[in-house]
Protein chains: 2
Amino acid sequence: MSRLIVIDWGTTQFRAWLVERESGAVLDTIPSGPGLRAMAGRDFPEHARAVLAPWRAENGEGTPPVLMAGMVGAPSGWRKAGQPPLPVGSADLAAGLVEATGLPGAWIVPGVHARGAGGHVDVMRGEEVQVLGALALLGRSDGRFCLPGTHSKWARAEGGRLTAFTTFMTGEVRAVLLGHSILGEPAAPDAPFDPAAFDQGVAQAEGPEGPLHHLFSSRGRFLYGELGAEGIASFLSGVLIGAELDGALAGETPAGPVILVGGAALRAPYTRAMEARGVTVEWVPADAATRAGVMAVANARDTAARPHGS
Amino acid sequence: MSRLIVIDWGTTQFRAWLVERESGAVLDTIPSGPGLRAMAGRDFPEHARAVLAPWRAENGEGTPPVLMAGMVGAPSGWRKAGQPPLPVGSADLAAGLVEATGLPGAWIVPGVHARGAGGHVDVMRGEEVQVLGALALLGRSDGRFCLPGTHSKWARAEGGRLTAFTTFMTGEVRAVLLGHSILGEPAAPDAPFDPAAFDQGVAQAEGPEGPLHHLFSSRGRFLYGELGAEGIASFLSGVLIGAELDGALAGETPAGPVILVGGAALRAPYTRAMEARGVTVEWVPADAATRAGVMAVANARDTAARPHGS
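Residues numbered from 1 in each chain as written. Chains lettered and ligands numbered in written order. Predicted model: local features only at pLDDT ≥ 70, side-chain atom pairs only at ≥ 80, totals over all residues. Heavy atoms only, no water.

If you check an unreviewed UniProt entry, chain A appears there as 2-dehydro-3-deoxygalactonokinase from Roseospira navarrensis.

Written as structure tokens, this is what we have:
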């Protein structure tokens, strides 16, 4: 029975799973650890060796390999991994694996870059394995994906490969507006999700003026007693997620459901906003997608390493 | 010869002019002082009395009246002034003047509120006098206006009154993204305006994905060497101003020039972006518009105070 250590190492979080290669079963989990921002000035190999020691020592047949996805391969991460152009499948990612310097048997999965309609570049690190993993979990080779977060990605897959994606900085804009703008000043910190305020934001986002106007509506509504301090964060989420959907779906003919690959916290608002726009949603948990995608890369690497014809 | 003290007191700046009522000539100027944010914990009447003392004392016939416009009439300002609904002309603003408590002969000009298509409220304090002042300076009673800034306003006037407006939080979004987001991290502080990077941003903003995507393009362009650190702030300005224009002009049939009422610093980028969208521009300096608008309010008050038939 062979094992694999899967790591999702992003800007704000670190997660690791010990998985059984044959079944994909999760044998053990490290639910959280320092993201890249918190690693500033710390030693990547030393940290990884320490936290992975229980998994790497206990295996008599040799320690299980480590595959890492996410911003860990950015220039500000452990070691820079490439970003091959689209289309990209698991074999392409396997071909681009780079060794994680200082930790034997550890590899970093590359990211991807895309060229938009005007020739400008868009970038991704981590979501590419989630798209491939979601396809594997669903037993499909095509799909339309939404991967919400700090920098939300909308993606397409065809023939088992990632063929297009677009980034929306929805989560980060929400955070900076709540933390540093006049809109956030009166907002109640840590207020629970307010479905009515969220729906008002989603509806507001439909107007042709665009989010620079719609966001400011939270100010007028608050000053005129039409939006309470507890509803501001949810209203802004509604405006931003609505604007993201409308931007991602602009000019598209409806083409089946959107596969939502995300954490549980973003499932409800994104599903709610898509339903308000008449879009059906299938949900795949982000962690499961990461594990399945990294396993697909590991399998592709093993296949490539085998002699032809074997 | 009668005199008037005109004050523009906003969130981040204070300016005052001593003007001659009959000609509008500026006799003296206080070019800068603390905005409302810097007034936190300070006494409004005391501060105004101190800085205006040279103008208020030297007039033997009685001290000139003081009319103040801007956020000084917000709940966080000196004293809350109303925000009458549209349409609003100088007589409506004169009717809503409130006394500035603690400084005899000083008055605060009210703001305005609007109701958008969906019934939601939008708010303004200060730009209403600029629109009326620009009309007076141009000798017109109708026009389409852009008043750029932290919270840019697009406005319409008909029959000498302000009839519609929409807010875009262009300047504040630019500031928080440069100061607090990943986009601003590599940006060169205080880089001069970069026309080529700005034009790229304006062109980028035309795509249907919306600003949440277009802003992120600065990240990819920077990482791939297509946008230098010195060009990031100008590129973001281009995306945001482009998005503002496209939102403001959405669904509009071209209807003559846009009257741009602003400071000198924003004249070049806004003119450049509007020309890229095929819109012609007439410029009116914001300070002159403020003085002319406040004078129109002062004249309307005097007219209202006169007995009928005189």
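Back to the write-up after that little detour.
Draft legend 1. The sheet that holds strand 9 (residues 143-147) of chain A, seen in detail. All names here are of chain A. Pairing within the open sheet is mixed, and its 5 strands lie in the order 11-10-9-12-13. With partners counted over all chains shown, the strands left at the sheet margins are strand 11 (161-168) and strand 13 (281-285), one partner each. Neighbour-to-neighbour, the strand axes of the sheet open up by a mean angle of 25°, direction not taken into account. Docked against the sheet, helix 3 (residues 127-138) engages strand 9, strand 10 (152-158), strand 11, strand 12 (258-262) and strand 13, running at close to 130° with respect to strand 9. (Pairing = 2+ DSSP bridges. Helix = DSSP H or I, 4+ residues; strand = E, 2+ residues; numbered from the N terminus. Axes fitted to C-alpha atoms, helices over the stretch in contact; angles between N-to-C directions. Contact = heavy atoms within 4.5 Å.)

Draft legend 2. View of the domain arrangement of chain A. Residues and elements named next belong to chain A. Here chain A is partitioned into domain 1 (3-168 + 285-305) and domain 2 (170-279). On the side of domain 2, 22 residues touch domain 1, which itself brings 20 residues to the contact. Carbon and sulfur atoms supply 61% of the area buried between domain 1 and domain 2, which totals about 1,700 Å² over both sides. Between the two partners, domain 1 and domain 2, sit 0 salt bridges. Counting across the domain 1 and domain 2 interface gives 13 residue pairs in polar contact (both at pLDDT 80 or more). Listing elements by their share of the side of domain 1 that touches domain 2, those giving two or more residues are helix 3, strand 9, strand 10 and helix 10 (286-305). Sorting elements by how many residues they give to the side of domain 1 that touches domain 2 places strand 9 first, with 5 residues. Residue composition of the side of domain 1 that touches domain 2, grouped by class: 11 nonpolar, 6 polar and 3 charged. (Domains from an automatic or database assignment. Buried area = accessible area lost by both parts, 1.4 Å probe. Salt bridge = Lys/Arg side-chain N within 4 Å of Asp/Glu carboxyl O. Polar contact = N/O pair within 3.5 Å; in protein donor to acceptor, adjacent residues only side chain to side chain. Nonpolar A, V, L, I, M, F, W, Y, C, P; charged D, E, K, R; others polar.)

Draft legend 3. Representation of the pairing of strand 3 (residues 26-30) of chain B within the structure. Residues and elements named next belong to chain B. One ladder, built from 4 bridges, connects strand 2 (residues 14-20) with strand 3; its direction is antiparallel. Counted as the bridge partner of Leu18 is Asp28 from strand 3. Between the end of strand 2 and the start of strand 3, which pair antiparallel, lie 5 residues, with Gly24 showing a positive phi angle near 80°.

Draft legend 4. The arrangement of the relation of the copies chain A and chain B in detail. Each copy superposes on the other: chain A lies on chain B with an RMSD of 0.0 Å after a rotation of 180° and an axial shift of 0.0 Å. Classification of the inter-copy transformation places it as that of a two-fold axis. Identified as the residue of chain A closest to the rotation axis by C-alpha distance is Val176 of chain A, at 3.2 Å. (Least-squares fit on C-alpha atoms with pLDDT ≥ 70 in both.)

Draft legend 5. Region of interest: the packing of aromatic side chains. Using the criterion set out here, one finds 10 aromatic pairs over all chains in the structure. By the ring-pair criterion, three or more aromatic residues cluster together here, those being Trp9, Phe14, Phe44 and Trp78 of chain A. (Phe/Tyr/Trp six-rings, centres within 6.5 Å; stacked < 30°, edge-to-face > 60°.)

Draft legend 6. Fine view of the packing of helix 5 (residues 195-204) of chain A against helix 9 (residues 264-276) of chain A. All names here are of chain A. Relative orientation of the contacting elements helix 5 and helix 9 amounts to 45°, with a least axis distance of 10 Å. One way to sum up the angle between helix 5 and helix 9 is to call them oblique. As for how helix 5 packs across helix 9, the hand of that crossing is right-handed. Residues Pro195, Phe198, Asp199 and Val202 of helix 5 lie in contact with helix 9, whose contacting residues are Pro269, Arg272, Ala273 and Ala276. Among the residues forming the contact of helix 5 with helix 9, the class breakdown is 6 nonpolar, no polar and 2 charged. (Parallel < 35°, antiparallel > 145°, perpendicular 65-115°, else oblique. Left-handed = near helix turned anticlockwise from the far one by under 90°.)

Draft legend 7. Just helix 10 (residues 286-305) of chain B, in detail. Counted at 1.5 Å a residue, the expected span for helix 10 of chain B with its 20 residues is 28 Å, and the 29 Å between its end C-alpha atoms agrees. For helix 10 of chain B, the full list of buried residues reads Ala286, Ala288, Ala289, Thr290, Arg291, Ala292, Gly293, Val294, Met295, Val297, Ala298 and Ala300 of chain B. (Expected span 1.5 Å × (residues − 1). Buried < 20%, exposed > 50% of the residue type's maximum accessible area, 1.4 Å probe, protein only.)

Draft legend 8. Main features of empty space enclosed by the protein. Applying the stated rule across the entire model yields 1 cavity of 30 Å³ or more. Of the voids in this model, the largest cavity is the one considered here, and its volume is about 60 Å³. Lining the largest cavity, in full, are Val173, Pro211, Leu212 and Leu215 of chain A together with Val173, Pro211, Leu212, Leu215 and Leu240 of chain B. Looking at the lining of the largest cavity, the elements with two or more residues in it are helix 6 (211-214) of chain A together with helix 6 (211-214) of chain B. Counted by class, the lining of the largest cavity contains 9 nonpolar, no polar and no charged residues. (1 Å grid on protein atoms, 1.4 Å probe; cavity = no way out; pocket = protein on both sides within 12 Å on 5 of 7 lines; lining within 4 Å. Points joined across faces, edges and corners; volume = space filled by probe spheres on them.)

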